[in-house]
Each structure stands twice: as C-alpha cells, then as structure tokens.
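# Geometric and topological summary
Now for the letters of each chain:
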Amino acid sequence: MTALRGLLSGNAAVNTRMAVRWISSVAAESGFSFPASLARKGVAPRRDPGSRNVQWVFLGCPGVGKGTYASRLSRLLGVPHIATGDLVRDELAATGPLSKQLTEIVNRGQLVSDEIIIDLLSKRFEDGVAKGESGFILDGFPRTRRQAEILEGVTEIELVVNLKLREDVLLGKCLGRRICSQCGGNFNVASIDIKGENGRPGISMPPLLPPEHCMSKLVTRADDTEEVVKERLRLYYELSQPVEEFYRVRGKLLEFDLPGGIPESWPKLLQALNLDDHDEKQSAAA
Ligand code: AMP
C-alpha cells in the first residue's frame, strides 16, 4: 500500500525502496508476480503453476461493458474483479467529508485525484491479500498515463484488454445502465438494434435484464445522465490514447472490437484470450 502511495511522491529512490518493501510483504502472502527489475532486488516472483493467477487490466469507454466482461472472466479464472469505480461508489455511500468531496467530482464526470484513487486501490489490494486473494482483473484503472506508470512500478501487468464499441452505441448503453440496489448486480435496459448501411455492418445488443426479484430495486447511477456521460466520454477519449500507447509499446495491448451483445461477444472474447477450450467454464460464467 505504501509503495503505491509512495510512487506518487516523485522521489525515485524512496519510491523504489517503498515499492520493494510493500512488494516483499505482498509476495510473502500471495502469488503476485513482479517486474524483473524488482525481482533482481531480491523479491522473487512466486506463482502456482496450476493456477490461472492472471494480472490483467480492462480498458474501454464508459458503457462499453468492461464491468460485465471483467466480472465474468473473474468468475471463470477465480481471480477478483477490482473496479475502481466500485471502490469510489462504496466511498460515496459512506458519510463523511471525503464522500461529499467525491460526490461533487464524480457527478461532474471528472476524475478523482490520483492520491485518492491510489489510496482506495491500495486498501482494496491489502484487504484482498489478507483474505488470501491472488491475481486480479482491474477495471477502470489506469485511466491516465501517470496511473499506468505507477501501476507498472509496483506490479507486472501481463495483459491489457482494450474493449471497443462503436461510438453511436455507447451513449445509449450508458443511459440504459441499471444497478440492483440490493445485490449490486449490473444490468442494462437499452435495446440496441442498428441496421447496417453503406457497407457498415449493423449491430444488435439485446437488453441485459435482471431477474424478477431485482426488477423493483433497479437504480440508475447519478453519473449516468446524458450530460455527465458525454463529459465522461470526452474525458476518456482525451486521456485514453497515452494509456493505450503505454501498453502497446510494451506489447501488452489486446484490441478487441465487441461485435454485439454478450451472446455474440463472449465466445469471441474467450477465443481472443485463448480461453475457449473450457466449454463447461464458459457456461458456468454465463
Ligand atoms: P467508472 O465506474 O469506472 O465509470 O468510474 C466512476 C467514477 O469514479 C469516474 O467517473 C471517476 O470519477 C472515478 N474513477 C474511477 N476510476 C478512476 C481512476 N482510475 N482515476 C480517477 N478517477 C476514477
């Protein structure tokens, strides 16, 4: 935790010492793997060869479905799905000065400060390690090149999946998003059916409706209004390219164009991730 936080302070020597100290404590309890540069300083990566102890990141615009696919994959692979947006929303639900400050930022569609997000993420990692978790699928982090550098400084990300969906669908998807206030499940009431024209293929995305018992408990996120979604999309396009480039030059970026809704996209995503050999797991995660 201190390492992630320390990397914000800017002193490289101090940062490295803090990173190594943090990594040592995490390595003792989990199967996380760490960059070679840190391993050379005496922290050997440890990994259970039988496990699918992945350390992946999901990138993509608001509304693209990162949460949906990342949580399905996390069930399939037995690793936690860590969404920084969820961490922020948990914080919003609490009362206190931080919650008030965050509500204003989030409801304007802006990003919260690196310090706050690193703090929340570090705490989530620490809690996970205490519970014996290992590996992760990160969703919503990194959002900026600086966050990518910080993450790269403390642990090795193996793969970055960049989910992409045509722009004319994203707004509708965001506005159709619903959350069950009781179980926290994510659903989508939008029914997208765009016909192909001028050589451009159509796209059909049926709604992702909740089970009967969640129906009356659906709520809309406060930042899923049209005005705020447009701002979040604008900000995403502005900041995402340097993050994508950061991982592209490191050979870690997997671009994935979603061809449609879950029934169409999920098998293709598994194929792209070389996970399509597990039929029983495909249905278990669905
Ligand atoms: P999301 O659910 O990923 O759309 O995130 C909801 C909100 O949480 C964002 O609009 C930001 O205000 C905040 N947030 C989530 N992740 C980050 C991050 N990595 N950096 C800064 N702010 C974040």
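Residues numbered from 1 in each chain as written. Predicted model: local features only at pLDDT ≥ 70, side-chain atom pairs only at ≥ 80, totals over all residues. Heavy atoms only, no water.

Where an unreviewed UniProt entry is consulted, the protein appears under the name adenylate kinase, with the organism given as Ensete ventricosum. Of the protein, the UniProt comment under Catalytic activity (unreviewed entry) reads exactly: "AMP + ATP = 2 ADP". Comment text from UniProt for the protein, heading Sequence similarities (unreviewed entry), reads "Belongs to the adenylate kinase family." (UniProt positions renumbered as here; feature names shortened; annotations may be inferred.)

## A look at the pattern of salt bridges
Using the criterion set out here, one finds 23 salt bridges in the structure. Of the charged contacts, one joins D223 and R221 as a salt bridge, the two residues approaching to 3.0 Å between their closest N and O atoms. Of the residues examined, D223 reaches a relative accessible area of 6% and is grouped as buried. Assessed through its relative accessible area of 16%, R221 is described here as buried. Each member of the salt-bridge network shares a partner with another, and the members are K164, E244, E245, R248 and E255. (Salt bridge = Lys/Arg side-chain N within 4 Å of Asp/Glu carboxyl O. Buried < 20%, exposed > 50% of the residue type's maximum accessible area, 1.4 Å probe, protein only.)

## Topic: the sheet that holds strand 6 (residues 186–188)
Pairing within the open sheet is antiparallel, and its 3 strands lie in the order 6-5-9. A strand with exactly one partner marks an edge of an open sheet, and here the two such strands are strand 6 and strand 9 (218–219). Bridge count between strand 5 (residues 177–180) and strand 6: 3 bridges; the pairing is antiparallel. Its bridge partner being in strand 6, R177 is matched across the sheet by N188. (Pairing = 2+ DSSP bridges. Helix = DSSP H or I, 4+ residues; strand = E, 2+ residues; numbered from the N terminus.)

## Considerations on helix 10 (residues 226–248)
Spacing of three or four residues puts side chains on the same side of an α-helix, whose turn is 3.6 residues. If you check helix 10, its first and last C-alpha atoms are 31 Å apart, about what 23 residues at 1.5 Å a residue would give, namely 33 Å. Along helix 10, the sharpest kink reaches roughly 40 degrees, centred on S240 and followed within four residues by the proline P242. Among the residues making up helix 10, those that are buried are V228, V229, E231, R232, L233, L235, Y236, S240, V243, E244, F246 and Y247. (Expected span 1.5 Å × (residues − 1). Bend = angle between axes of the 7 residues up to and from the residue.)

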